[in-house]
Amino acid sequence: MKKVLGMIGFISMILLCFQPVTSLAEKETSNDINDFSYEVLFPENQKDEKVGYYDLLVHPGEKQVVHMKLSNTSNQPMKVAITISSAKTNGNGVAIFSPSDIPKDSSLKYDLSKIMTGPKDVLLAPNSQTIVDLAIEVPEKVFEGYIAGGIQLKPVLKEETSKKDEQVVLNKFAFVIGVLLSESEIKNIKPELKLNDVSVKLKDTSYTLFANFSNTKSVFAEELTATIKLKKKGDKKALLEVSKENLRMAPNSIMELPIFLEGQKVTAGEYTADIKMTTKKSGESWHWTNNFTFSKIEAEQINKQESLQKESPRNYWRWIIGIVVILLVISSLFLLYLKKKTPIK
């Protein structure tokens, strides 16, 4: 018994000597809500009814109402919030159609949320269906390419409690239906990318280098590859080269692409970013050079962040092995205890 207890103590001391491990944030998961469903009711000017979104051929100045069927198959009332927004591009290079605080690009002339309108929310009775009307007012002036965006449906299933007028939210999920409006074929329109700036910004309590781009045309920029070389201003040799592939930009949108330094130490001073962007689909390519500065504080904080990341390796396997060993020892102790308690026949 003393030997076993000594072993537990020894293992515990070893585990205490390990540095704390930075825990991963839990991945946000969304469960399906089986009690809610929607159906896009396509009008005659829908280009392709095989897709699950609106792709409408419209004409200047016309007004149109499109319809969507919402269904609640639960025994509780359900409120569905409806939000219409313009398409944007997030920092991962993904075109998004849901509401976002990403700023609009100055090239955006027509915001879908101003052109398409509908109710802000709809209350569905238990086991019921309803048709939602969405009105579209096409601009008087002829436009090329797409007016792009999306309709977000956020159903909230509620259940009455014992107290009057008090309700508890049980489920909250969002569904997004894309919307594309066009007046003609867009095959001959090519994206046009512009580099706005390269700068260091404080985001989520960390200093990060960002390259800010605009797609100034009303078409999607597909299958983009960005190659970025960072060098001290005036030097020929690059300190760091990063490449990002399969990026996609929405029409008339901004993309703020983070450039992670991957352990590269930096000093205060002027730097040059040499950036090349190419697209497989249209064969277009763009090249920019942009100077930026790391201040003394920014350089110190970035180097500190990189050091902390190196000092906190995720050696989870050590903890797992340690826990397994402790469990085995405890199991052995328990079996010894049972053996001693069991009378010998």
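What counts as what
In every chain, residue numbers begin from 1 and rise along the written sequence. In keeping with the model being predicted, local features are shown solely for residues with a pLDDT of at least 70 and side-chain atom pairs are shown and tallied solely at 80 or more, while totals for entire chains, interfaces and linings include all residues. Side-chain calculation: all heavy atoms of the structure are included, whereas hydrogens and water are not. Put simply, DSSP H or I for four residues or longer makes a helix, DSSP E for two residues or longer makes a strand, and each gets a number counted from the N terminus. Only protein chains enter the calculation, and the probe is 1.4 Å; a residue is then buried if its accessible area is under 20% of its type maximum, exposed if over 50%, and partly exposed in between. Between two residues, a contact is recorded if the distance between any of their heavy atoms is within 4.5 Å. Surface accessibility follows the Shrake-Rupley procedure with a 1.4 Å probe radius. Residue values consider only the protein chains on display as shielding. Just to be clear on terms, a salt bridge is a Lys or Arg side-chain nitrogen sitting within 4 Å of an Asp or Glu carboxyl oxygen. Paired strands, in this sense, are two strands between which DSSP finds at least two bridges. The term nonpolar core refers to a set of buried residues drawn from Ala, Val, Leu, Ile, Met, Phe, Trp, Tyr and Cys, joined through side-chain atoms within 4.5 Å. Working definition: a ring pair exists when centres of Phe, Tyr or Trp rings (six-membered ring for Trp) sit within 6.5 Å. Plane angles under 30 degrees give stacked, over 60 give edge-to-face, the rest tilted. Definitions used for this entry: grid spacing 1 Å over protein atoms alone; cavity, a set of points where a 1.4 Å probe fits but cannot get out; pocket, an open set with protein on both sides within 12 Å along at least 5 of 7 lines; lining residue, one with an atom within 4 Å of a point. Grid points are joined across faces, edges and corners, and a volume is the space filled by probe spheres set on the points. Gly falls in the polar group here, along with every residue not listed as nonpolar (Ala, Val, Leu, Ile, Met, Phe, Trp, Tyr, Cys, Pro) or charged (Asp, Glu, Lys, Arg). Lines fitted to C-alpha atoms define the axes here, with helix axes fitted over just the stretch in contact, and angles between the N-to-C directions of these axes take values from 0 to 180 degrees.

Participant: Before we go on, may I ask you to explain the overall build of the protein chain in this structure?
Facilitator: When its secondary structure is counted, the protein chain shows four helices and 19 strands. Looking at the 345 residues of the protein chain, the share that counts as buried comes to 39%. Partitioning the contacts of the protein chain with sequence separation of at least 6, the portion at a separation of at least 24 is 71%. As presented, the protein chain carries roughly 21,500 Å² of accessible surface, and 53% of it is formed by carbon and sulfur atoms.

Participant: How do you make sense of the pattern of salt bridges when you look at a structure like this?
Facilitator: Charged atoms that come close allow side chains of opposite charge to pair. Inspection of every chain in the model, using the stated rule, returns six salt bridges. Asp-111 is paired through a salt bridge with Lys-104; the nearest N and O atoms lie 2.5 Å apart. The salt bridge involving Arg-248 is made with Glu-222; its shortest N-O contact spans 2.8 Å. Here Glu-222 lies in strand S15 (residues 221-232) and Arg-248 lies in strand S16 (residues 240-249), a separation of 26 residues in the sequence.

Participant: Got a minute to help me understand the sheet that holds strand S3 (residues 63-72) in this structure?
Facilitator: Sheets are built from strands paired through backbone hydrogen bonds, the pairs being either parallel or antiparallel. Taken together, the four strands give an open sheet; going across it, the order is S1-S3-S9-S7, and neighbouring strands pair in antiparallel fashion. Looking along the sheet, the strands with just one partner apiece sit at the ends: strand S1 (36-41) and strand S7 (116-117). One ladder, built from six bridges, connects S1 with S3; its direction is antiparallel. Bridging from a neighbouring strand, Ser-37 pairs with Ser-71 of S3.

Participant: How should the nonpolar core be read in this particular structure?
Facilitator: In summary, soluble globular proteins display a tendency toward joint burial of nonpolar side chains. In terms of nonpolar packing, the biggest core is built from 31 residues, with Phe-213, Leu-230, Ile-275, Met-277 and Phe-294 touching the most fellow members. Of all the elements in the fold, those that place two or more residues in this core are strand S13 (193-203), strand S14 (206-215), S15, S16, strand S17 (253-259), strand S18 (269-279), strand S19 (285-294) and helix H3 (296-311). With sequence-adjacent residues up to four places away left out, Met-277 is seen in contact with Leu-193, Phe-213, Leu-224, Thr-225, Ala-226, Met-255, Glu-284, Ser-285, Trp-286 and Trp-288. Counting residues in hydrophobic clusters, the runner-up holds 28 residues, among them Tyr-54, Ile-136, Ile-151 and Val-179.

Participant: Help me understand the packing of aromatic side chains, please; the structure alone is not making it clear to me.
Facilitator: Each aromatic ring pair is described using two quantities: the centre-to-centre distance and the angle formed by the ring planes. This model, assessed by the stated rule, comprises ten aromatic pairs. Grouped by ring-pair contacts, the aromatic residues Phe-36, Tyr-38 and Phe-175 constitute a single cluster.

Participant: Honestly, empty space enclosed by the protein in this entry has me stumped. Any pointers?
Facilitator: Empty space among the atoms can be located by rolling a probe the size of a water molecule over them. Summed over all chains, the structure comprises one cavity of 30 Å³ or more. One number sums up the size of the largest cavity: a volume of about 40 Å³. Leu-230, Leu-239, Leu-240, Leu-261, Gln-264, Val-266, Tyr-271, Phe-292 and Phe-294 are the residues that line the largest cavity. Split into classes, the residues belonging to the lining of the largest cavity amount to eight nonpolar, one polar and no charged.

Participant: I tried to follow the environment of Val-65 on my own but got confused; where do I start?
Facilitator: You can see Val-65 is positioned in strand S3. Classification of Val-65 by relative accessible area gives partly exposed; the value is 45%. Here the alpha-carbon distance between Val-65 and Glu-137, two residues 72 residues apart in the chain, equals 8.9 Å. With residues up to four places along the chain from it excluded, the contact list for Val-65 reads Asp-133, Leu-134 and Ala-135.

Participant: What is the right way to read the sheet that holds S13 from this model?
Facilitator: The antiparallel open sheet is built from three strands, whose spatial order is S13-S14-S17. With one partner strand each, in any of the chains shown, S13 and S17 form the two edges of the open sheet. For this sheet, the mean angle separating the axes of adjacent strands, direction not counted, is 25 degrees. For S14 and S17, the ladder comprises seven bridges, and the chain directions are antiparallel. Along S17, the bridge assignment pairs Phe-213 with Met-255.

Participant: What is the right way to look at the layout of surface pockets in this model?
Facilitator: Taken as a whole, the largest pocket spans an internal volume of roughly 510 Å³. What lines the largest pocket is a set of 22 residues, among which Tyr-146, Ile-186, Phe-220, Glu-222 and Lys-281 lie closest to the centre. Broken down by element, the residue count for the lining of the largest pocket peaks at three residues, all from strand S12 (residues 175-182). Here the lining of the largest pocket is composed, by residue class, of eleven nonpolar, three polar and eight charged.

Just geometry here; none of it tells us what the structure is for.
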